[in-house]
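Chain and residue survey
Given next are the chains, with one letter for each unit.
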Amino acid sequence: MEAGGCRYQFRVALLGDSAVGKTSLLRRYVESAPGTLEREPEPEPEPAPTVGVEFYSRALQLRAGPWVKLQLWDTAGLERFRCITRSFYRNVVGVLLVFDVTNRKSFEHIPDWHQEVMATQGPNKTIFLLVGHKSDLQSTRCVSAQEAEELASSLGMAFMETSAKNNCNVDLAFNTLADTIQQALQQENIKLEEGWGGIRLINKTQIPRLPSRKQHAGPCQC
Ligand SMILES: Nc1nc2c(ncn2[C@@H]2O[C@H](COP(=O)(O)OP(=O)(O)OP(=O)(O)O)[C@@H](O)[C@H]2O)c(=O)[nH]1
């Protein structure tokens, strides 16, 4: 994963209906990066609906060893921002398709979100992961893990349940997507291309050296 003193940046977007928890999931992931101050987190204000696209980043050590920088795009789920968010799809290599396990409509809309990305895809393949979010809300769940697994496999992607509230599988979801992108790159299913922002070579000094990534999924109540 190193080429002439450079390493890779993967650009990843979170897509899904409004209020499924994309911003909360991303914030949890970025704030739990190794090396960030370890103290009880301040209670966060309720996230307001995302306007257009917001950007985050985090360095990550892949399972195979090397470090990559993830550039993370949090997109608005509200329909009125769709023309803005659509313009970003072509320049991502990975997508977390997020639904809320307590909101059936958000699950039913997943094939539409998938189709939106597929319709704008260039020669490079986008790697998807289906995420059933808010897994802490078991009593109001209305989408089973089994039917989500079936949808994921029909769309050719893996499935995982997460909770930002319980910090369940949050790191695992992003790490799994990044590892899958790296494998696709290694197998040349995805290639670096001039003018495409999905994967970029960046200078080593732009990646902070952080303690090794933990391989376990952390405390999980799923
Ligand atoms: N119980 C529970 N609530 C959550 C979780 N994640 C997010 N929420 C709540 O879900 C609501 C919506 O969260 P957001 O992160 O703003 O959702 P979003 O998908 O980014 O919404 P848009 O920006 O409109 O697209 C908020 O009230 C969050 O507190 C979770 O893991 N569990």
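Residues numbered from 1 in each chain as written. Predicted model: local features only at pLDDT ≥ 70, side-chain atom pairs only at ≥ 80, totals over all residues.

Let's talk about the overall build of the protein
- Helices and strands together make up the secondary structure of the protein, namely six helices and seven strands.
- Mapped in sequence order, the helices and strands of the protein form the string β-α-β-β-α-β-α-α-β-α-β-α-β.
- Expressed as a percentage of its 222 residues, the buried residues of the protein come to 38%.
- Across the protein, contacts joining residues at least 24 apart in sequence account for 78% of those joining residues at least 6 apart. (Helix = DSSP H or I, 4+ residues; strand = E, 2+ residues; numbered from the N terminus. Buried ≥ 20, exposed ≤ 12 C-beta atoms within 10 Å, placed from the backbone. Contact = placed C-beta atoms within 7 Å.)

Some remarks on the site of the ligand
- As a structural note, the neighbourhood of the ligand is formed by 21 residues, with G21, T23, S24, T50 and G77 the closest of them.
- For the shell around the ligand, the element with the highest residue contribution is helix α1 (residues 22-31), accounting for three residues.
- When the residues that make up the shell around the ligand are grouped by side-chain class, the tally is eight nonpolar, eight polar and five charged. (Near = placed C-beta within 6 Å. Nonpolar A, V, L, I, M, F, W, Y, C, P; charged D, E, K, R; others polar.)

Quick word on the packing of α1 against helix α6 (residues 170-186)
- Contact pair α1 / α6: the axes reach a minimum separation of 9 Å and the direction vectors enclose 90 degrees. For the element pair α1 / α6, the angle class is roughly perpendicular. Along the contact surface, α1 presents L25, R28 and Y29, while α6 presents V170, D171 and F174.
- Partitioning the contact of α1 with α6 into residue classes produces four nonpolar, no polar and two charged. (Axes fitted to C-alpha atoms, helices over the stretch in contact; angles between N-to-C directions. Parallel < 35°, antiparallel > 145°, perpendicular 65-115°, else oblique.)

Description of unusual backbone geometry
- Phi angles above zero are rare outside glycine, and A19 is one such case at about 70 degrees.
- Tracing the chain through its elements places A19 in the loop between β1 (6-15) and α1.
- Even without being glycine, N167 reaches a positive phi, approximately 50 degrees.
- Relative to the elements of secondary structure, N167 occurs in the loop between β6 (158-162) and α6.

Some remarks on the pairing of strand β4 (residues 94-100)
- Of all seven residues making up β4, seven are buried, and the element is well covered by its neighbours.
- Covered by surrounding structure in β4 are G94, L96, V98 and D100 together with V95, L97 and F99, the residues of both alternating faces.

Concerning helix α5 (residues 145-154)
- Inspection of α5 places A148, L151 and A152 among the buried residues, and these make up the whole buried set. The buried residues of α5 occupy one face: seen down the axis, they fall within an arc of 100 degrees. Across α5 from its buried face, at more than 90 degrees, point the exposed residues Q146, E147, E150, S153 and S154.
- Contacts from the buried residues of α5 go to α3 (104-108), α4 (110-120), β5 (127-133) and β6.
- G156 occupies a position one or two residues after α5 and carries a positive phi of about 75 degrees. (Arc of directions from axis to C-beta.)

Some remarks on the confidence of the model for the protein
- This prediction gives the protein a mean pLDDT of 84; 83% of its residues lie at or above 70.
- Across residues 1-6, where pLDDT falls below 50, the model places 14 contacts with residues more than four positions away in sequence or in other chains.
- Confidence drops under a pLDDT of 50 for residues 209-219, and excluding neighbours within four residues, the segment shows 16 contacts in the predicted structure.
- Scored as a complex, the prediction yields pTM 0.87 and ipTM 0.99. (pLDDT = per-residue confidence, 0-100.)

What to know about the nonpolar core
- Of all hydrophobic cores here, the largest spans 48 residues; its most connected members are F10, V12, L96, L97, V98, L130 and L177.
- Looking at this core, the elements that each hand over two or more residues are β1, α1, β3 (67-75), β4, α4, β5, α5 and α6.
- Per-element accounting of this core gives the leading share, seven residues, to α6. (Core = buried A, V, L, I, M, F, W, Y, C linked by C-beta atoms within 7 Å.)

Quick notes on the pairing of β6
- Alignment of β5 against β6, held across five bridges, turns out to be parallel. Bridge pairing in β6 links H133 to T162.
- As a crossover connection, the stretch from β5 through α5 into β6 is right-handed. (Pairing = 2+ DSSP bridges. Right-handed = clockwise from strand over helix to strand, strands pointing away.)

A closer look at α6
- Counted at 1.5 Å a residue, the expected span for α6 with its 17 residues is 24 Å, and the 25 Å between its end C-alpha atoms agrees.
- Taken together, the buried positions of α6 are occupied by V170, D171, A173, F174, N175, L177, A178, I181, Q182 and L185.
- Within two residues after α6, E188 carries a phi angle of roughly 60 degrees, on the positive side. (Expected span 1.5 Å × (residues − 1).)

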